[in-house]
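Spelled out, the chains give:
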Amino acid sequence: MEIRSVERLAALTGREAAPELQPVLDAYPVRLTEHALELVRRSPAAALQYMPDLRELDPPGETDPFVGLARTGVRGVERIYRDRCVVMPVSRCNVGCRFCFRRHHGMLRHARPMDREEIAAALAYIAADPRLREVLITGGEPLLDRGRLAQLLSGLRRPETAHVGPIRLACRSLATAPELVDPELVTLLARHQDLRAGRPVEVAAHVNHPDELGPATVQALARLREAGLHVYNQTVLLRGVNDAPEVMSDLLWGLRRHGVETYTIFFCEPVLGADHLRVSFAEALRLKDELRRRGSGRRNPHLVVTTRVGKLELGVDGWEVEREADGRTVWLRTPYTLDGLRELDPALTLPAGTRLDGAGQLVVRYLDGPSCPRGDPK
Ligand code: SF4
């Protein structure tokens, strides 16, 4: 459902929706599934992921903080790494996450999905490059069109793409519409997994708050695990949602109890309209220390920043080398080199917002999150 007025928002969610929020809804309507609406009604912290906020009209941030190097010339296929690429068969989502880096792409509401010919072109692109070892199917929400998903899965298991081992399926619906993970879907995924041939199918969940681990989500996770499918979680670190150590700790334990690998905590990207949900590097590193003190290393995720040249684990293979006078613009040393990027695009010049350090590593400009709560509800 799409909610475009404060009156309807208040009536449906049971939450206060001030008239001043109408311009925010005009720019960014609220999109919810029935399942997410129920979550919004009962969990104030989890609701912050979907509810409008006046600060969404504040200026810090970019409309396209990530995509840039990822063009492949094949619609629906993005790639910035040598050994893996992303395919997006479905461009729309069933929810509108306020922090999403694709929120300005128009894709979450109306971009058309890949058609059969475009999926065939994506499969031909993958078949032609034996350097590709993994494929990530994402979106939008790939579970919204099972036919396209089936076409892609079966194409990726043909002999021409024998170099592709793991297929990863990223789906937010485990938290927002778990009924989509029904026995038929699980059978479809399991049918395309062949562990003896080194061809697993993995599901990347996106659960951000312990309140999202309700009975329907737990049942869907159990279905996947019982079918022998590996499930890992990617959490986005969000102010007021999961930045408190006790909340993040509960989430990680909850996932672990249900057999989910707690793989990453991603920084919310510097996307325009999401600044109020972002957390600074300093706060995140303190949270990481606190998680380490509180629990087993088996449940402690990697703390990852997504930059325009690729992902880095903060303090491990990437770190801050300079902070500008505004206090928030930082330069991050990355594990990537220009030569490495040129393996994918020989004509590539130094991307905007990057420079090379003395060792030839790419250093990238990045907007750190705000370091004070600015009155966010906890
Ligand atoms: S479900 Fe994923 S792609 Fe869709 S709005 Fe949320 S974060 Fe973005």
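The shown structure was predicted, so the numbers you read here are calculated from the model rather than taken from an experiment. (Residues numbered from 1 in each chain as written. Predicted model: local features only at pLDDT ≥ 70, side-chain atom pairs only at ≥ 80, totals over all residues.)

The next subject is the sheet that holds strand E13 (residues 329-337). Read across the sheet, four strands follow the order E12-E13-E15-E14 without closing on themselves; strand pairing throughout is antiparallel. Looking at the sheet topology across the chains shown, the edges are occupied by strand E12 (319-323) and strand E14 (354-356). Looking at each pair of strands side by side, their axes are set apart by 35° on average, direction ignored. Where E12 and E13 come together, four bridges link them in antiparallel fashion. Within E13, the position partnered with Glu 322 by the bridge is Trp 331. (Pairing = 2+ DSSP bridges. Helix = DSSP H or I, 4+ residues; strand = E, 2+ residues; numbered from the N terminus. Axes fitted to C-alpha atoms, helices over the stretch in contact; angles between N-to-C directions.)

Between its terminal C-alpha atoms helix H11 (residues 281-294) stretches 20 Å, which fits the 20 Å expected from 14 residues at 1.5 Å a residue. Among all positions in H11, only Phe 281, Ala 284, Leu 287, Lys 288 and Leu 291 are buried. Seen along its axis, H11 keeps its buried residues to an arc of 120°; they face one direction. Counted as exposed and oriented over 90 degrees from the buried face of H11: Ala 282, Asp 289 and Arg 293. Of the surrounding elements, those touching the buried residues of H11 are strand E8 (230-237), helix H10 (245-257), strand E9 (261-267), strand E10 (302-307) and E12. (Expected span 1.5 Å × (residues − 1). Buried ≥ 20, exposed ≤ 12 C-beta atoms within 10 Å, placed from the backbone. Arc of directions from axis to C-beta. Contact = placed C-beta atoms within 7 Å.)

Attention shifts here to the environment of Lys 288. Summarising the element assignment, Lys 288 is placed in helix H11. Separated by 23 residues in the primary sequence, Lys 288 and Ile 265 place their C-alpha atoms 9.5 Å from one another.

This next bit is on the sheet that holds strand E7 (residues 201-205). On the basis of which strands lie adjacent, the open sheet formed by nine strands has the order E3-E4-E5-E6-E7-E8-E9-E10-E11 and mixed pairing. If you trace the sheet from one side to the other, it starts and ends with strand E3 (77-78) and strand E11 (310-313), each paired once. One ladder, built from four bridges, connects E10 with E11; its direction is antiparallel. Within E11, the position partnered with Thr 306 by the bridge is Lys 311.

The interhelical angle for the contact between helix H5 (residues 116-127) and helix H6 (residues 146-156), taken along N-to-C directions, is 25°, at an axis separation of 10 Å. Considered as vectors, H5 and H6 are oriented roughly parallel to each other. The two elements H5 and H6 cross, and the hand of that crossing is right-handed. Here Arg 116, Ile 119 and Leu 123 of H5 come into contact with H6, specifically with Arg 148, Gln 151, Leu 152, Gly 155 and Leu 156. (Parallel < 35°, antiparallel > 145°, perpendicular 65-115°, else oblique. Left-handed = near helix turned anticlockwise from the far one by under 90°.)

Moving on: the packing of H10 against H11. One way to put it is that H10 packs onto H11 with a least axis distance of 10 Å and a crossing angle of 55°. Judged by the angle between their axes, H10 and H11 are oblique. For H10 against H11, the interelement crossing comes out right-handed. Taking contact as the criterion, the partners of Pro 245, Met 248 and Ser 249 in H10 are, on H11, Leu 287, Glu 290, Leu 291 and Arg 294. For the contact of H10 with H11, a count of residues per class yields four nonpolar, one polar and two charged. (Nonpolar A, V, L, I, M, F, W, Y, C, P; charged D, E, K, R; others polar.)

Outside of glycine, negative phi angles account for most residues, and trans bonds account for most peptide bonds. Cis geometry marks the peptide bond from Gly 139 to Gly 140, where omega comes out at 15°. By the secondary structure assignment, Gly 140 is in the loop between strand E5 (134-137) and H6.

Right, let's get into the nonpolar core. Grouped together as the largest cluster of nonpolar side chains are 96 residues, with contacts concentrated most on Val 87, Phe 99, Val 135, Leu 169 and Leu 237. Apart from residues no more than four positions distant in its own chain, Val 135 is found in contact with Arg 84, Cys 85, Val 87, Ile 126, Leu 156, Val 164 and Ile 167. (Core = buried A, V, L, I, M, F, W, Y, C linked by C-beta atoms within 7 Å.)

Quick look at the pairing of E5 now. Burial along E5 is one-sided: the face carrying Val 135 and Ile 137 is buried and the face carrying Glu 134 and Leu 136 is not. In this sheet, E5 lies alongside strand E4 (residues 84-87) in parallel orientation, the contact comprising four bridges. Paired with Val 87 across the strands is Ile 137, a residue of E5. Pairing geometry for E5 and strand E6 (residues 167-171), over three bridges, is parallel. Bridging across to E6, Val 135 finds its partner in Ile 167. You can see the chain leave E5, run along H6 and come back into E6, and the turn it takes is right-handed. (Right-handed = clockwise from strand over helix to strand, strands pointing away.)

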